[in-house]
Amino acid sequence: MLSKREVFDGVPEEYLSHKERYENAIRNSVVAFSLVRKMQEEGKTSINNYRDVVGGLLGSSVLRDGSPLGLHYIMFMPAILNQANEEQQEKWLPRAWNCSIIGSYAQTELGHGTFIRGLETTATYDAATKQFVLHSPTLTAYKWWPGGLGQTANYCIVVAQLYTKGQCHGIHSFIIQVRDEETHMPLPGIKIGEIGAKLGLNAVNNGFLGFDNYRIPRTNMLMKHAQVLEDGTYVKSRHSKLNYGAMVFVRVVIVFDMVNYLSKAVTIATRFSAVRRQCQLKAGETECQILDYVTQQHKLFVSIAAAHAFRITANKLWLTFNEVNEQLVEGNLQRLPELHALACCLKAVTTADTAACVERCRLACGGHGYMMSSSLPLTYGLVTAACTYEGENTVLLLQTARFLVKTYQQLDSKALTPTVAYLKTAAAERFCVGWSNTTEGIIRGFQVVAMRVIIMSTFNEEVQEMSRTVSPQLKEVLHQLVDLYCTYWALEKLSDLLLYTPISQKEVESLRLRYEETLTNLRPNAVGLVDAFDLRDEMLQSTLGSYDGRVYERLMEEAMKSPLNAEPMLQSTLGSYDGRVYERLMEEAMKSPLNAEPVNYTFHKYLKPFMQGKL
Ligand SMILES: CCCCCCCCCCCCCCCCC/C=C/C(=O)SCCNC(=O)CCNC(=O)[C@H](O)C(C)(C)COP(=O)(O)OP(=O)(O)OC[C@H]1O[C@@H](n2cnc3c(N)ncnc32)[C@H](O)[C@@H]1OP(=O)(O)O
Ligand SMILES: Cc1cc2nc3c(=O)[nH]c(=O)nc-3n(C[C@H](O)[C@H](O)[C@H](O)COP(=O)(O)OP(=O)(O)OC[C@H]3O[C@@H](n4cnc5c(N)ncnc54)[C@H](O)[C@@H]3O)c2cc1C
């Protein structure tokens, strides 16, 4: 059994080369996912409920910049579960579940990410050989971005335009082997490699993939929803968008992921703010904790409330996802549009808000928040990617807007689904609700504004349930968080409220006072509230946010680990004696060492033993 970090012990990831980072990520991933395999052998996890186990690992400090195996669990396996028929699931799932094959999910191309009906990769059926011919007709048709595809995966789900009998039937999913299972060499007709360094997630090994008239068996088309018969006859799906299921699933999972990252960032920033003393409130007094400044509370406390709001929302969304999927299995597609709109909205809003909150947590820590050792820059790089992947946020919000407009237009003719029932109330009150500076009044105000109510009403609903099961003291603090979250967004979105509701200037002023009063009321419980996330130091991996508050000692300990401090020599493209700065930067950029060899050495050293169950 490999130890966790046997090769680069003690050297922080920031100081590893691109190649060393990949080796580090592969080794840590096979060690981590060997635990999943052990748990499944002991019956402690199964293919239908591995979200928490794998989620815990992927969100852990061991795989802090992502994993080349992440997409195998997050999209490759769920796509087989969601889109393969029973026979195909019997063939592929056991091998995927015990990791004897490693998969990716290849949908996005160089030329298209959002507009998936415009994807260019083709899968043309040849009835004579009962095969599909996969082809990338242009450079822009190359798959670009799939996680793990660079040097790691040997299979992937490929989304391509399906042609049979000379007719195009739109995009469908295929399971395709891209590398030899023994040698890991790319198969003939496959062009494959990694796309290079990114802002973050540099351990994910995102890759590119091109096909040159590459043949696969007919039965490699995932045929749960649509089929192509041996003679090339196309049998269409009950609903053209059932093939989009993998994306809906991941959007739901991403909301959980944002809770994880936001809780970590606000724990780090709040604890640091309790330790950090800067300036005096009165001359001659001891310097005060920066957490005592209202401006610092304004920066941080809404993130504590948001972490709880998103956690409650994520759980509610997961329940809705499972309810709707059970209905889909019974052939009832009625709530699919609502689920799609909800998943789009909550993925877009929670990722955008989390990215903004994490950046605000970093800024709230001053210079020390800019240190990689604080873990805040890395966290920002991770969450900001989520605003783009799995559907770029703007585009997803447009999907939600489309659904809301359609729902509103059918208000009197159609029964409303649970998450949009508020539209009836808003319409009934003809948009002239009386304003009250209460939580309910603000939510009602937002219902009128419409776009943000889904998170607000879910959050509010759960809190009502919670009031029957928590102590009076905790109930008071939770209601303060609800108050804070509502008054914060009421003040943030004041222009909408002024436009659509009769809120008066006097009420706005008392709202502001109420907001600051709530900040003051929450101050004594701020550290306790982030402690309640119960995130161990190993999870935070932060010099600023450790439980013991030894911030400065940890900053110095981490600084001394830099190899640049270990020896007088500078190892820097910017500081080289000969001044050839630009030439060296270009030389470095062109290296991309992982592409220097068709099979990276880590395959034989770690990946192959792992896939053969020998680790
Ligand atoms: C259990 C395992 C879990 C383990 C892990 C646990 C957690 C660990 C943490 C990990 C967290 C997650 C990490 C995630 C890593 C992800 C890596 C990234 C992967 C990717 O990015 S994959 C590629 C993603 N790409 C996209 O999302 C593309 C975005 N574009 C689209 O989706 C579509 O183009 C579109 C929706 C924007 C438009 O589609 P289209 O043009 O076909 O449709 P129209 O706009 O014309 O609308 C037509 C009608 O179709 C409905 N519709 C559209 N989409 C859907 C859908 N998905 N479902 C249902 N219905 C849909 C529209 O609503 C329209 O309906 P109407 O009634 O006609 O209005
Ligand atoms: C870290 C990371 C990991 C990824 N992993 C994978 C993966 O594993 N598998 C995979 O298949 N893909 C993956 N992707 C790709 C991802 O799904 C796409 O980047 C995403 O769907 C956005 O598409 P795009 O990059 O083409 O941007 P575009 O769609 O070109 O967006 C560019 C701009 O155009 C705007 N725009 C586009 N269409 C419209 C419209 N209709 N109306 C208004 N504005 C519009 C967008 O809002 C945006 O501002 C990954 C991406 C990242 C960043």
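Below you will find a few notes about this structure. (Residues numbered from 1 in each chain as written. Chains lettered and ligands numbered in written order. Predicted model: local features only at pLDDT ≥ 70, side-chain atom pairs only at ≥ 80, totals over all residues. Heavy atoms only, no water.)

## Re helix 7 (residues 336-363)
Piece 1. Relative to the 40 Å expected for 28 residues at 1.5 Å per residue, helix 7 spans 40 Å between its end C-alpha atoms, a close match to the ideal helical length.
Piece 2. Buried residues dominate helix 7, accounting for 21 of its 28 residues. (Helix = DSSP H or I, 4+ residues; strand = E, 2+ residues; numbered from the N terminus. Expected span 1.5 Å × (residues − 1). Buried < 20%, exposed > 50% of the residue type's maximum accessible area, 1.4 Å probe, protein only.)

## Regarding the pairing of strand 5 (residues 155-164)
Piece 1. Along strand 5, nine of the 10 residues are buried, which leaves the element largely enclosed by surrounding structure.
Piece 2. When strand 2 (residues 122-126) meets strand 5, the two strands line up parallel, connected through three bridges. Along strand 5, the bridge assignment pairs Thr124 with Tyr163.
Piece 3. Judged from the nine bridges that link them, strand 5 and strand 6 (residues 167-177) form a sheet pairing that is antiparallel. Among the inter-strand pairings, Cys156 is bridged to a residue of strand 6, identified as Ile176.
Piece 4. Turn length for the strand 5-strand 6 hairpin, with the two strands adjacent in sequence and antiparallel, is two residues, and the turn residue Lys165 shows positive phi of about 50°. (Pairing = 2+ DSSP bridges.)

## Quick word on the packing of helix 3 (residues 70-83) against helix 5 (residues 245-275)
Piece 1. Taken N-terminus to C-terminus, the directions of helix 3 and helix 5 make an angle of 130°; their axes are 9 Å apart at the nearest point. The pairing of helix 3 with helix 5 is recorded here as oblique in orientation. For the crossing formed where helix 3 meets helix 5, the hand is right-handed. Counting all contacts with helix 3, which are made through Ile74, Met75, Pro78, Ala79, Asn82 and Gln83, the residues of helix 5 involved are Gly245, Ala246, Phe249 and Val250.
Piece 2. Grouping the amino acids of the contact of helix 3 with helix 5 by side-chain chemistry returns seven nonpolar, three polar and no charged. (Axes fitted to C-alpha atoms, helices over the stretch in contact; angles between N-to-C directions. Parallel < 35°, antiparallel > 145°, perpendicular 65-115°, else oblique. Left-handed = near helix turned anticlockwise from the far one by under 90°. Contact = heavy atoms within 4.5 Å. Nonpolar A, V, L, I, M, F, W, Y, C, P; charged D, E, K, R; others polar.)

## Notes on the pattern of salt bridges
Piece 1. This structure, assessed with the given rule, holds 19 salt bridges.
Piece 2. The closest approach of N and O atoms between Asp292 and Arg523, which form a salt bridge, is 2.9 Å. Note that Asp292 is positioned in the loop between helix 5 and helix 6 (294-329) and Arg523 in the loop between helix 15 (505-522) and helix 16 (526-531), a separation of 231 residues in sequence.
Piece 3. Of the residues examined, Asp292 reaches a relative accessible area of 34% and is grouped as partly exposed.
Piece 4. When the shortest N-O distance is used, the salt bridge between Asp548 and Arg550 registers 4.0 Å. (Salt bridge = Lys/Arg side-chain N within 4 Å of Asp/Glu carboxyl O.)

## Description of the site of ligand 2
Piece 1. As a structural note, the neighbourhood of ligand 2 is formed by 19 residues, with Leu71, Tyr105, Thr108, Thr114 and Glu392 the closest of them.
Piece 2. The contact in question runs from a nitrogen atom of ligand 2 to an N or O atom on the side chain of Thr108, over 2.8 Å.
Piece 3. When ligand 2 is considered free in solution it has 960 Å² of accessible area, and contact with the protein chains removes 63% of it.
Piece 4. Per-element accounting of the shell around ligand 2 gives the leading share, three residues, to helix 9 (residues 393-409).
Piece 5. Residue composition of the shell around ligand 2, by class: nine nonpolar, eight polar and two charged. (Near = heavy atom within 4 Å. Polar contact = N/O pair within 3.5 Å; in protein donor to acceptor, adjacent residues only side chain to side chain. Areas by Shrake-Rupley, 256 points an atom, 1.4 Å probe, with all protein chains shown as cover.)

## Observations concerning the nonpolar core
Piece 1. Counting 137 residues, the largest nonpolar core has Phe33, Phe76, Tyr105 and Phe301 as the members making the most contacts within it.
Piece 2. The leading source of residues in this core is helix 5, at 19 residues.
Piece 3. Of the domains in this structure, domain 1 (1-237 + 568-615) and domain 2 (245-531) are the two that each give at least three residues to this core.
Piece 4. Sequence-distant contacts of Phe76, that is, excluding residues within four places in its chain, are made with Leu71, Ala96, Ile101, Gly103, Ser104, Tyr155, Cys156, Ile157 and Ile175. (Core = buried A, V, L, I, M, F, W, Y, C linked by side-chain atoms within 4.5 Å. Domains from an automatic or database assignment.)

## Structural notes on the pairing of strand 8 (residues 207-211)
Two faces, one strand: in a regular strand the side chains alternate between the faces of the sheet.
Piece 1. Within strand 8, four of the five residues are buried, leaving the element largely enclosed by the surrounding structure.
Piece 2. The pairing of strand 4 (residues 143-144) with strand 8 spans two bridges and is antiparallel. Pairing of Trp144 across the sheet is with Phe208, part of strand 8.
Piece 3. In the sheet, strand 7 (residues 190-194) pairs with strand 8 via five bridges, with the strands oriented antiparallel. The residue bridging Lys191 from the neighbouring strand is Gly210, located in strand 8.

## Topic: the packing of aromatic side chains
Piece 1. All chains considered together, the criterion is met by 12 aromatic pairs.
Piece 2. Centroid distance Phe249 to Phe321: 5.8 Å. Interplanar angle 50°. Geometry classified as tilted. In this pair, Phe249 sits in helix 5 while Phe321 sits in helix 6, placing the two residues 72 residues apart along the sequence. Side by side, Phe249 and Phe321 carry an identical accessibility label, which is buried.
Piece 3. One aromatic cluster in this structure is built from Phe249, Phe256, Trp318 and Phe321. (Phe/Tyr/Trp six-rings, centres within 6.5 Å; stacked < 30°, edge-to-face > 60°.)

## Side note on the site of ligand 1
Piece 1. The full set close to ligand 1 counts 35 residues, and Thr114, Lys241, Tyr244, Arg251 and Arg402 are the nearest of them.
Piece 2. Gly391 places a polar main-chain atom, nitrogen or oxygen, 3.1 Å from an oxygen atom of ligand 1.
Piece 3. Side-chain polar atom of Arg402 to an oxygen atom of ligand 1: 2.6 Å apart, as the coordinates give it.
Piece 4. Burial of ligand 1 by the surrounding chains reaches 85%, relative to a free accessible area of 1400 Å².
Piece 5. Elements supplying a minimum of two residues to the shell around ligand 1: helix 2 (51-58), helix 3, helix 5, helix 7 and helix 9.
Piece 6. For the shell around ligand 1, the leading source of residues is helix 5, giving eight residues.
Piece 7. Residue contributions to the shell around ligand 1 reach at least three from each of two domains, namely domain 1 (1-237 + 568-615) and domain 2 (245-531).

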